[in-house]
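Results of the structural survey
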Amino acid sequence: MPPFPAATTASTTSHLALLVLLSSSSLFFLYKSFRLRRKPSPATAHARTATPTLLYASATGTSKTLAERLSARLTADAGFPVRATDAATFDPDDLPSVPLLLLVIPTHDGGAPPPSAAFLSRWLEESAADFRAGALLLSGLRFAVFGVGSRAYGETFNAAARSFSRWLRALGAVEVVPLGEGDMDGGDLEAVFEEWSWRVLRVVKGEEVGYGANEKSNGLDELELEGEDWDDDDEEEMVDGEVDMEDIAGKAPARRKNGNSEGVPANGNLEGVLANGAQNGVKDMVTPIIRTSLEKQGYKIIGSHSGVKICRWTKSQLRGRGGCYKHSFYGIESHRCMEATPSLACANKCVFCWRHHTNPVGKSWKWKMDDPLDIVNAAIDQHTKMVKQMKGVPGVKPEKLEEGLSPRHCALSLVGEPIMYPEINALVDELHRRHISTFLVTNAQFPEKIKALKPITQLYVSVDAATKESLKAIDRPLFSDFWERFLDSLKSLHEKDQRTVYRLTLVKGWNAEEIDAYAKLLDLGQPDFIEIKGVTYCGSSATSKLTMENVPWHSDVKEFSEVLASNSNGVYEVACEHAHSCCVLLAKVGKFKINGKWHTWIDYDRFHELVTSGKPFKSRDYMAMTPSWAVYGAEEGASIYGSLPEVYPSQRKAHHSQMKHIFKIAAILVAISAIWIALLETSTVPRSYTWLLPIYLVVALGCYGLFMVGFGLMFFPTCPQEAVLLQQDIVEAKEFLAKKGVDVGSE
């Protein structure tokens, strides 16, 4: 039966109306997408819309004058109210949020920056050499440096400016204008500064993106210490012998097999051999070459084999900002934490070693040995001196600084293998006597040392792999029976009554896929906790083939942790997380989850009472409840800053920015639904067509997604962090192809 004319007319009208609606929506989104596409790239747009930060450091007033001249020019010609600021008043922790940094730096005595830039210089130098900072700490920063100096000083000409440029690039920042080097005595200062200022002006106005120094070098090569050329054949020969630190640094040929038993001198004379079987040799563990290299990285060398260094999280909490993952997981006060080691030597050559294997290695103690009391005294003295240097730094809170001068925690995990030190028990006793708690990390190659270790606050074993093959590939141990030692170390951990931890470092492509094998290892040590952390990329070197592809995202670490907890059959659950450190904590449910509340924190006063009593005690005796903000899933723990919410409101701003896009999509759905209801109410569309509403909603969203993804994704700033990493990947890919002789062009 043919339809009535009225019905046919209504049907035709409704379809035309819907066609017009969808066509209009599509044309609107297409128009918006093309507008986004015509916008400049994020780097150019960022430079054009963001006000630069202009810093100067001046000893005679020349640099200040130049900076003020640049400030006036940018204000007049670019329309930005740029103010020249003394570097002494600038807080370096604000650098990650600075879009464009301009520096005018003179060179002071001996190639150093002037006193007003001393803290900024020290912050950059230590961060660039600190594996915990990472090579992408300042990946969102673009910068330009102008140096003021005199060629009459020879090699130190503009040394400070060159160092600033190198450190910034090492931290992932992009140099948008080549380093300007003015010679005060050569007569070209004005001309060079004028040329440099013109280039800076073009960048600020968006007319020039910059020459991209990072495409040539990320600054890491200049910071790396001399490493060894690793050879698999050499590895097999060195396993049975011991390799001195000069071998690793390429300063001396490697010693080969000598047929002697471990720890016995070549001449057979056992005089001077320690009670534990290790030889108390006559050599210093730290040679002058290595000492100089370590001191440049911010280490304070103690005696002949120990070291201490102030952590960037210590500096952060001195300013009342966020603490490290140990603060979130265990209640450690980062500003009162001392990071040290009594042994810079190690028995492994891990592929992710952030020191690129410039530290000594050995299977037994063969160096001079310092007194434990002297080590503790010197460590505290050096640590407090470094804390005192923070006085007057912008943002440092006086009460935090005062507390920081009295360390209450010692992380014996700075570098090397602390448990190798023959007097480790005496050293731990001395720390406890001063009411300083102890966290000790061992690399699972000395099971007998673990058994002999006195009670400490928390004992870690590094579980870098779950199979014999992958452990050999990742840790590259010196011992031929490394796997047996590894398993025995886990079993020894189970015998401890105090808090114990498995520390897992995930390396994509190396060990992150061994989750079932990891689950089997849990029964051996039955640790109280499992820390799972993503590997930190520290740049390439001759000793490590790791790239950014081997670094897991925090979401990868979380997924691994949740699956591992699930495979434990309820023994472990995910308790805490610290996104900034890319770290997640699993804890034993039966021991540390009481009435539904986690108790991963430590009652440090109670611990010291128990140690002083001399009576046996267990981990249950000194646990404390974990605050709600530190529990897994809390907004504070999931923050990339790993801190309390009021410290970094920018994280919430980013959340609000993402919500705006959700509201856009919701508005589209509401608008289409309203129009559809209006058409139904006015009988323009028969009510029998109501079922088409979901279809048209899906089609409208499809149009939105098609044009926004197809044309606008690369230019639509919804994922700025991922965009920065994408640009880094592109740079790495270009460098790789260029090395292979492939012409990648300029685009």
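Residues numbered from 1 in each chain as written. Predicted model: local features only at pLDDT ≥ 70, side-chain atom pairs only at ≥ 80, totals over all residues. Heavy atoms only, no water.

1. A short note on the UniProt feature "transmembrane region" (unreviewed entry) in the protein
Mapped onto the present numbering, the UniProt feature "transmembrane region" (unreviewed entry) falls on residues 12-31, 662-679 and 691-716. Secondary structure across residues 662-679 divides into 100% helix and 0% strand, with the first and last C-alpha atoms of the span separated by 26 Å. (UniProt positions renumbered as here; feature names shortened; annotations may be inferred. Helix = DSSP H or I, 4+ residues; strand = E, 2+ residues; numbered from the N terminus.)

2. Re the packing of aromatic side chains
Counted under the stated rule, the structure contains 19 aromatic pairs. For the pair Phe446 and Phe479, a centre-to-centre distance of 5.7 Å together with 80° between the ring planes defines the contact as edge-to-face. Placement of Phe446 in the loop between strand E11 (437-442) and helix H16 (447-452) and of Phe479 in the loop between helix H17 (468-475) and helix H18 (482-494) is noted, with a sequence separation of 33 residues between them. Of the residues examined, Phe446 reaches a relative accessible area of 4% and is grouped as buried. Plain terms: the ring middles of Trp483 and Phe486 are 5.2 Å apart, the flat faces sit at 25° to each other, and that makes the pair stacked. Taken together, the residues span about one helical turn, with Trp483 and Phe486 both in helix H18 at a distance of three residues. Taken as a pair, Trp483 and Phe486 share a single burial class, namely buried. An aromatic cluster of three or more residues is present, and its members are Tyr325, Phe329, Tyr330, Phe439, Tyr460, Phe529 and Phe592. (Phe/Tyr/Trp six-rings, centres within 6.5 Å; stacked < 30°, edge-to-face > 60°. Buried < 20%, exposed > 50% of the residue type's maximum accessible area, 1.4 Å probe, protein only.)

3. Digging into helix H5 (residues 159-170)
Relative to the 16 Å expected for twelve residues at 1.5 Å per residue, H5 spans 16 Å between its end C-alpha atoms, a close match to the ideal helical length. With ten of twelve residues buried, H5 is to be regarded as a mostly interior element. Taken from the residues just after H5, Gly172 is the one with a positive phi, measuring 95°. (Expected span 1.5 Å × (residues − 1).)

4. A closer look at the pattern of salt bridges
Considering all chains together, one arrives at 21 salt bridges under this definition. Of the charged contacts in the structure, one is a salt bridge between Lys454 and Asp429, with a shortest N-O distance of 2.7 Å. Taken together, the positions of Lys454 in the loop between H16 and strand E12 (458-462) and Asp429 in helix H15 (residues 424-433) put the pair 25 residues apart, joining distant regions of the chain. Members of the salt-bridge network, linked through shared partners, are Arg73, Asp77 and Glu194. (Salt bridge = Lys/Arg side-chain N within 4 Å of Asp/Glu carboxyl O.)

5. Topic: the packing of H17 against H18
Running from amino to carboxyl end, H17 crosses H18 at an angle of 100°, the nearest separation of the two axes being 10 Å. With respect to their mutual orientation, H17 and H18 come out roughly perpendicular. Note on element contacts: H18 touches H17 through Phe482, Trp483 and Phe486, opposite Lys468, Leu471 and Lys472. Residues that form the contact of H17 with H18 fall into these classes: four nonpolar, no polar and two charged. (Axes fitted to C-alpha atoms, helices over the stretch in contact; angles between N-to-C directions. Parallel < 35°, antiparallel > 145°, perpendicular 65-115°, else oblique. Contact = heavy atoms within 4.5 Å. Nonpolar A, V, L, I, M, F, W, Y, C, P; charged D, E, K, R; others polar.)

6. Some details on the nonpolar core
One finds Leu124, Leu168 and Leu564 to be the most contacted residues of the largest nonpolar core, which totals 104 residues. Other than its neighbours up to four places away in sequence, Leu564 contacts Leu504, Ile515, Tyr518, Ala519, Leu522, Ile530, Ile532 and Leu586. Val589, Trp598, Ile602 and Met623 belong to the second largest nonpolar core, which has 26 residues in total. (Core = buried A, V, L, I, M, F, W, Y, C linked by side-chain atoms within 4.5 Å.)

7. With respect to a nonpolar patch on the surface
Taken together, Trp691, Ile695 and Val699 make up a surface patch of nonpolar side chains, about 300 Å² in accessible area. With respect to the helices and strands, Val699 occurs in helix H25 (residues 693-712). On the basis of relative accessibility, which here comes to 35%, the residue Val699 falls in the partly exposed class. (Patch = residues over 30% accessible without salt bridge, like charges linked within 9 Å, V, L, I, M, F, W, Y side chains within 5 Å. Areas by Shrake-Rupley, 256 points an atom, 1.4 Å probe, with all protein chains shown as cover.)

8. Here we look at the pairing of strand E16 (residues 583-588)
Across the six residues of E16, six count as buried, placing the element largely inside the fold. Where burial is concerned, the two faces of E16 agree: the one with Cys583, Leu585 and Ala587 and the one with Val584, Leu586 and Lys588 are both buried. Pairing between strand E14 (residues 529-534) and E16: five bridges, direction antiparallel. Note that in E16 the partner of Ile532 across the bridge is Val584. The pairing of strand E15 (residues 572-578) with E16 spans six bridges and is antiparallel. Bridge pairing in E16 places Glu577 opposite Val584. (Pairing = 2+ DSSP bridges.)

9. Digging into the packing of helix H4 (residues 118-129) against H5
Orientation of H4 relative to H5, taken along the N-to-C sense of each, is 45°, at an axis distance of 9 Å. Between H4 and H5, the angle falls in the class oblique. As H4 packs across H5, the resulting crossing turns out to be left-handed. Across the interface between the two elements, Leu120, Ser121, Leu124, Glu125 and Ala128 from H4 touch Phe164, Trp167, Leu168 and Ala170 from H5. (Left-handed = near helix turned anticlockwise from the far one by under 90°.)

10. Considerations on helix H20 (residues 554-567)
Taking 1.5 Å as the rise per residue, H20 with 14 residues should run 20 Å; its terminal C-alpha atoms sit 20 Å apart, in good agreement. All of the buried residues in H20 are His554, Val557, Phe560, Ser561, Leu564 and Ala565. Buried residues along H20 cover an arc of 130° about the axis, so they all sit on one side. Exposed residues pointing more than 90 degrees away from the buried face of H20 are listed as Glu559 and Ser566. On its buried side, H20 packs onto strand E13 (499-506), helix H19 (515-525), E14, E15 and E16. Following H20 by one or two positions, Asn569 has its phi on the positive side, about 60°. (Arc of directions from axis to C-beta.)

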